[in-house]
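Secondary and tertiary structure notes
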Amino acid sequence: MTAQFATEDTRDLVKEINEFCDKHGIAVSTFGRHAVNDGKFLTRISRGGWIAPETAKRARDFMEHANRGGIVLRGRPRRKKAESNAYSMAQLVNQETSIRTPGNYAIHEQRHRSHVFSATTNISWVQADLITSDLLKMTPSPDGLRLFYSPMDNGITLVRALRALHANFPDLPVQVVIKGWGLEDLRNTMGRMVDRLYEHPLTVLVLTNLYTREVPHLSKTAAEGPTELSWHDFALQGKHSYDFQQQIAGLFPKLAPEWSVIRGDDGFPVYSCPSVVAIYRDDHRKSLSHLIPRQDGPDLAFDYCFLNHPYLHSHTMRFRVEYILAPIIRHLAPGGQMKVVQSTGEDPAHEIIRHIFPDQTLNCISRHDIISELRKFLGSEQKELSFSGLTDTRSLYRFDMHTLPEIAADDERILPLQEAWNNAVFFSQLNEELAQSAVYDGTRYLDVTEKILRQHKSMWFVNEAFAVTRKA
C-alpha cells in the first residue's frame, strides 16, 4: 500500500517540482541530481518519504535560481514513447526559417521572381553604391540621420549602404525606417541587420508594412484595409550579434500573422494587418530616445529617402504622385532628399517582353513627365524644393545579369535562359497570368529570349533616377 504524504508542505513541494520539470523540459531524476544530489528524490518524497526542512529549502532555492536565469537547463518536454516520432517531426518544423508566408500562388510567384532577380543580377551592388554616394555627400546633424528605404527587398542593398555610412560616421545615431509588405522580406532583412546593430549600436530599425503614404505617420490613415495597428517595441539585450539573432528569431512567430499578404484590387500585394516593429539596443536606449518612435507620437521627418520602383507600370500618374511621392516629399527635413528609381523600358528585358507580347503596352512613364506632374500637384510647395536628375548623364545607370556566361556564336544553347526569362518578366512587371500563358504556349518564350541575348551578347537593365530635395 502506498504511503501517505508526510506533510501538506511536502505535497506542495512535489507539485512545484513537477511543474518546474515540465516548464524546463527536464526529467525529475535530473532535477533531483542537480538540486539535492539525489536522482530518486522526487520519487521518494512522493511516496511519503521524510524530507528535512533544509533539503526542501535547497530544492526551492534551486528552482528560484533557475527561474531567474541563473542556471541554464537544457531538456525537452516529457512525453509518451508512442508520441516521440510526431513530436520530433513537430520540432523539425517549429523553427524560425520554416514559418511559411500565407497568400496565393500569384503573389508567391512574384516573390520567387524577385529572389531570382536579386541573386542573378548585380542590382544590390549598383544601387548600394548609388545610395552610398548620396549619403557621403551629406552633412548630418549630430543628433542623428533619419533614413527611409522602400521597398524592404532582401536587405542586401541597405546593409551594404549602411556599412559605408557607419564606417564614415561611426558616432552618428541613425534611424532607419524600412517599408516592406511580406514576411519573407522581413525575415531576410532582419537576419542581415543584426550585424549592423552590433557594429553600430547607435541604430534604430523601424520596420513596417504600412502603405507608403502612411509611413511618415506610423499609423493607420488610409480608409481601406484593416484598421487596427499592431505595434512592437523591441529592446535587444546582450552585446553580441548572436544574442541579437536569437532574440530576433523569437519575433517571427508573433509577426508572421501580421506580415501575411493578400492580393489587392490592382494585383499588387497589400497587408492583412498593419504593423510597426521598432528594434534597438537596450544598452543604448537613453542616447537613442529621440529616434525611437512612439505609438501616436509625432510624425517622422526624413533626411534621405530611397524609393526603388515604388509603383507599378500599371499605376496611374495620380497614384504615383498623390499616394507615393508627395506624402514623402512633405515629410522631408530641411536639406532632406528623396531619390526615386524606376525603369526606362529601354533594355533587353523589356525588348523580350515586347517581342512575345506585341499587343501589350508597358507603360513606362518618363521621369520628366513625373517631375512635371509633381510640380503641378505641389503648386506653391515646390518653391521650397529643388529637382535633379533631368539629364541622362546624371540619371541613367545600368546593371547586369552577372550569372549569364559570355555568349559565343557557336553556343548550341544557353543554359540560364529560364533565369533570363524570369528577370525579364520581373523587371518589366509583366502580369503573372500573361507570363504563365507564354510558358504553356511552348518554347517560343525561350527562343525569343535566346535570340535577344545573342543579339546583345548579354542581358542588362536600365534604370533612371531623379531626386527631390527640400532646401535647407
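Our structure's up above, just so we're on the same page.
Residues numbered from 1 in each chain as written. Predicted model: local features only at pLDDT ≥ 70, side-chain atom pairs only at ≥ 80, totals over all residues. Heavy atoms only, no water.

1. Some details on the overall build of the chain
When its secondary structure is counted, the chain shows 18 helices and 12 strands. Here the chain holds 472 residues, and the buried ones make up 50% of them. Restricting to contacts in the chain with at least 6 residues of sequence separation, those with at least 24 account for 80%. Surface summary for the chain: the accessible area is close to 23400 Å², and the carbon and sulfur share equals 51%. (Helix = DSSP H or I, 4+ residues; strand = E, 2+ residues; numbered from the N terminus. Buried < 20%, exposed > 50% of the residue type's maximum accessible area, 1.4 Å probe, protein only. Contact = heavy atoms within 4.5 Å. Areas by Shrake-Rupley, 256 points an atom, 1.4 Å probe, with all protein chains shown as cover.)

2. As for unusual backbone geometry
That bond from Ser 150 to Pro 151 is cis: its omega, 0°, falls within 30 degrees of zero. Locating Pro 151 in the fold gives a position in the loop between β1 (145-150) and α8 (156-168). Positive phi, normally seen in glycine, also occurs at Asp 296, with a value near 65°. Within the element layout of this structure, Asp 296 appears in the loop between β7 (275-281) and β8 (302-308).

3. Observations regarding the pairing of strand β4 (residues 230-236)
On a regular strand, one side chain projects to one face of the sheet and the next to the other, so that they alternate. Among the 7 residues that make up β4, 6 are buried, leaving the element largely enclosed by the rest of the structure. Of the strand pairs in this sheet, β4 and β7 are connected by 7 bridges, and their pairing is parallel. Bridge pairing links Phe 234 to Ile 279 in β7. (Pairing = 2+ DSSP bridges.)

4. Digging into the packing of aromatic side chains
Summed over all chains, the structure comprises 15 aromatic pairs. On the numbers, 5.9 Å between centres and 10° between planes, the contact of Phe 117 with Phe 427 is stacked. Taken together, the residues Phe 117 in helix α6 (residues 105-120) and Phe 427 in helix α16 (residues 417-428) connect sequence positions 310 residues apart. Just as Phe 117 is buried, Phe 427 falls in that class too. Ring pairing ties together the aromatic residues Phe 117, Phe 399, Phe 426, Phe 427 and Phe 461, which thus form one cluster. (Phe/Tyr/Trp six-rings, centres within 6.5 Å; stacked < 30°, edge-to-face > 60°.)

5. A short note on the nonpolar core
Among the nonpolar cores identified, the biggest contains 67 residues, and Leu 147, Met 190, Leu 207, Ile 279, Trp 421 and Met 459 are the most heavily contacted of them. Apart from residues no more than four positions distant in its own chain, Met 459 is found in contact with Pro 348, Ala 349, Ile 352, Asp 400, Met 401, Leu 404, Ala 420, Ala 424 and Leu 453. Membership of the second largest hydrophobic core comes to 42 residues, among which are Leu 218, Ala 235, Tyr 271 and Tyr 280. (Core = buried A, V, L, I, M, F, W, Y, C linked by side-chain atoms within 4.5 Å.)

6. Concerning helix α12 (residues 317-329)
Buried within α12 we find Arg 320, Val 321, Ile 324, Leu 325, Ala 326, Pro 327, Ile 328 and Ile 329. Its buried side turned inward, α12 meets β1, β8, β9 (332-343), α14 (367-378), β10 (385-388) and β12 (460-470).

7. Remarks on the packing of helix α7 (residues 123-135) against α8
With their axes 8 Å apart at the nearest point, α7 and α8 run at an angle of 35° to one another. Here the hand of the crossing between α7 and α8 comes out right-handed. Counted together, Ser 124, Trp 125, Gln 127, Ala 128, Ile 131, Thr 132 and Leu 135 of α7 and Ile 156, Thr 157, Arg 160, Ala 161, Ala 164 and Leu 165 of α8 form the full contact between these two elements. (Axes fitted to C-alpha atoms, helices over the stretch in contact; angles between N-to-C directions. Left-handed = near helix turned anticlockwise from the far one by under 90°.)

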